[in-house]
Amino acid sequence: MLFFGLVGGIAGLGALAHRLGAPGLATWRARLRLGLALGLLLFGADHLANPVRYLAMLPGTLPWPGAIVAGTGICEIAGAIGLLVPDLRRAAGIALGLYFICVFPANIHNALTGGAGISGLSAAPDWYFQLRLALQPLAVWAALWSAGVIGRPTHRRPQEA
């Protein structure tokens, strides 16, 4: 949930920055892309710096939980960078959409266990985890839409020969 708040807050600040004359943030697609990229960079780095927090989110049946946490952190960082590089943006959006689908089982596990053992979340009310499940499709959509994979494509001028 903090992730969604961070992404939305950065997108909102992007709108304010645009009104103040900042270049590159004229569309909500660009603002959401920036929010996703910064949120993913932050949380990806946190996966690597504080893996214990994420280990409790994994179902106990998964092998190599440390590698999974590190791998998801690296995926988040790589996806964030990809969103910011125009030539990699579509591929990053598709990869992140798939990534958000792949981490859905961990969110189901958290909803079923009430976040038991997760630092900072174990006292969260049950609705918190249900809301996280409901918001997961939004993460998939945001990755695909902000990268221009779905939705009305942004207008591009034809390149000169």
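Each residue is numbered by its place in its chain's sequence as written, counting from 1. A pLDDT threshold of at least 70 governs which residues receive local features in this predicted model, and a stricter bar of 80 or more applies before side-chain atom pairs are shown or counted, although totals over entire chains, interfaces and linings include all residues. Side-chain numbers here rest on the full set of heavy atoms in the structure, without hydrogens or water.

Novice: Can you walk me through the nonpolar core in this structure?
Specialist: Soluble, globular proteins show a tendency: their nonpolar side chains are buried together. Residues Phe-3, Leu-36, Leu-40, Leu-83, Leu-96 and Phe-100 are the most contacted members of the largest nonpolar core, which totals 25 residues. Numbering goes from the N terminus for both helices and strands, where a helix is a DSSP run of H or I of at least four residues and a strand is a run of E of at least two. Within the residue set of this core, elements represented by two or more residues are helix H1 (2-19), helix H2 (28-49), helix H4 (65-84), helix H5 (89-102) and helix H7 (126-146). When residues in this core are grouped by element, the largest group, six residues, is from H7. Counting five residues, the second-largest nonpolar core is a separate cluster that includes Ala-111, Ala-124, Tyr-128 and Leu-133. To define a nonpolar core, start from buried Ala, Val, Leu, Ile, Met, Phe, Trp, Tyr and Cys residues and group those joined through side-chain atoms within 4.5 Å. We call a residue buried when its accessible area falls under 20% of the maximum for its residue type, exposed when it is over 50%, and partly exposed in between, using a 1.4 Å probe and counting protein chains only.

Novice: Which parts of the structure should I look at to understand the packing of helix H6 (residues 104-113) against H7?
Specialist: Axis angles are defined between N-to-C directions and span 0 to 180 degrees, where every axis is a line fitted to C-alpha atoms and, for a helix, only to the segment in contact. Following both chains from N to C, one finds H6 and H7 inclined at 160°, their axes separated by 8 Å at the closest point. The orientation of H6 with respect to H7, classified from their angle, is roughly antiparallel. Along this stretch, H6 crosses H7, giving a crossing that reads as left-handed. Listed contacts from H7 to Phe-104, Asn-107, Ile-108, Asn-110 and Ala-111 of H6 are Phe-129, Gln-130, Arg-132, Leu-133 and Gln-136. Three residue categories are used. Nonpolar comprises Ala, Val, Leu, Ile, Met, Phe, Trp, Tyr, Cys and Pro, charged comprises Asp, Glu, Lys and Arg, and polar comprises the others, including Gly. Partitioned by chemical class, the residues of the contact of H6 with H7 number five nonpolar, four polar and one charged. Just so you know how the angles are binned, under 35 degrees is roughly parallel, over 145 roughly antiparallel, 65 to 115 roughly perpendicular, and the rest oblique. Left-handed describes a crossing whose near helix is turned anticlockwise from the far helix by less than a right angle; the clockwise case is right-handed. In this description, contact between two residues means that some pair of their heavy atoms is separated by no more than 4.5 Å.

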